[in-house]
Amino acid sequence: MTPEWLSMLTDTSRLAIFGSAICLVVHGSRQSLKLDEEETSDGNGGVSPNTRQTNLQILDSKQALFLPLGASVSLLMLFYFFDSMQFFFTIVSTVIAGFSVAALVLPFFQYLFKGCPAHHCGGIACWSRYCECCGPLSLAGIASALVASAVVVTWVLTAHWALMDALGYGVCVCMIAYVRVSSLKVSTVLLCGLLLYDVFWVFFSSAIFHSNVMLDVATKEADNPVSVIANKMNLKHAGRSSPQLSLPGKLMFPSANVQGHFAMLGLGDIVMPGLLLCFVMRFDHHKAKYFEPKSSGFKYYYFCIALMGYAVGLLLASMVSELTHHAQPALLYLVPCTLIPVFILARVQGDLRQMWIEPFAGPEKPADLLTV
């Protein structure tokens, strides 16, 4: 007889969460690398030197240190003032998710329409900047905007979990592609701080606030904006027919075995480890380009070891959750499973000094400024 925890782990909802998280991390990292390649191109049809990096958010150590504190403040505000803030938060999160979906589907339409004749604006980068080939708008850009609008409107009207997941996909890919950690030091500070944040709010918040703050906020449903506006305009029937919305801050998949059961994973558990995986993919590429230019073999060693660690961390988090029947802070498993293998490999390969302080220095500027 199959153990209960094993049958739950092989449930379609768990497998869908697992596969989605892996694919989003890989896709977001590849898009980030594509942005780097475009920005370091010779400028023929690409980004001019004066506009490079303007669309990227590069985190330093101070920002990484204070991000968990800011996240804690935001979590408490939602916990105490959700009813008064829900309309604003729903609108803002929906607009951001909509733009993210547009960026996510844009490469497909660029391939479909062959919108850029010089083929210099492919990928996620074209959505965020002026394209010298196509102008401010292209057929692919318009099509992606229409698809994103359709997804957002349909989700607001139906509150279907699949459409919310589509919005979450867009947010994850854009965050991983556009937010950068500048070094392994920054990534370590960020992930360790978020690990403490996750553990505290999942395990210890109940003792102080008499409720599991993280779980309470994650499972709240907001009033539909259509319902709010309809009630203010005295259109009672329209207000009653609009469903409440589970905000796009997590991925949800229904179980095929247990009716009404959903497997969930917060977007932060994809994006934050994804920033580390994005960083090591870019470092792998940089190392192969500048330090091993004649090597024709496989070059993404750090990324693969970190990705395997991420998969193991997801598996451990799911297993412990099923065995204990208690919500788990996923970062408690994801952070050590991704960071530790990267540190070990970096030490063995002799890259730890460079990755820690100045990972993208060229061969003429070795990163030997810090002794680790």
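Residues numbered from 1 in each chain as written. Predicted model: local features only at pLDDT ≥ 70, side-chain atom pairs only at ≥ 80, totals over all residues. Heavy atoms only, no water.

1. Quick look at the overall build of the protein chain
(1) Moving on: Counting its regular elements, the protein chain contains 13 helices and 4 strands.
(2) Moving on: Taken over 372 residues, the protein chain has a buried fraction of 48%.
(3) Moving on: The contacts of the protein chain with a sequence gap of at least 6 include a subset with a gap of at least 24, amounting to 73%.
(4) Moving on: For the protein chain, the accessible area works out to roughly 18600 Å², and carbon and sulfur atoms hold 66% of it. (Helix = DSSP H or I, 4+ residues; strand = E, 2+ residues; numbered from the N terminus. Buried < 20%, exposed > 50% of the residue type's maximum accessible area, 1.4 Å probe, protein only. Contact = heavy atoms within 4.5 Å. Areas by Shrake-Rupley, 256 points an atom, 1.4 Å probe, with all protein chains shown as cover.)

2. Some points on the packing of helix α5 (residues 161-178) against helix α10 (residues 268-290)
(1) Moving on: Running from N to C, α5 and α10 cross one another at 35°; their axes reach a closest spacing of 9 Å. In the packing of α5 onto α10, the handedness of the crossing is right-handed. The residues of α10 that touch α5, namely those facing Cys172, Met175 and Ile176, are Ile270, Val271, Gly274, Leu275 and Cys278. (Axes fitted to C-alpha atoms, helices over the stretch in contact; angles between N-to-C directions. Left-handed = near helix turned anticlockwise from the far one by under 90°.)

3. Section: the pattern of salt bridges
(1) Moving on: As enumerated under the stated definition, the model contains 5 salt bridges in all.
(2) Moving on: Glu322 is the partner of Arg14 in a salt bridge, and the nearest nitrogen-oxygen pair spans 2.3 Å. Here Glu322 lies in helix α11 (residues 301-324) and Arg14 lies in helix α2 (residues 12-39), a separation of 308 residues in the sequence. Each member of the pair Arg14 and Glu322 is classed as buried.
(3) Moving on: In this structure, Asp351 engages Lys287 in a salt bridge whose closest nitrogen and oxygen atoms are separated by 2.6 Å. Of the two residues, Asp351 sits in the loop between α12 (331-349) and α13 (352-357) while Lys287 sits in helix α10, which places them 64 residues apart along the sequence. Comparing Asp351 with Lys287, the two get one shared label, buried. (Salt bridge = Lys/Arg side-chain N within 4 Å of Asp/Glu carboxyl O.)

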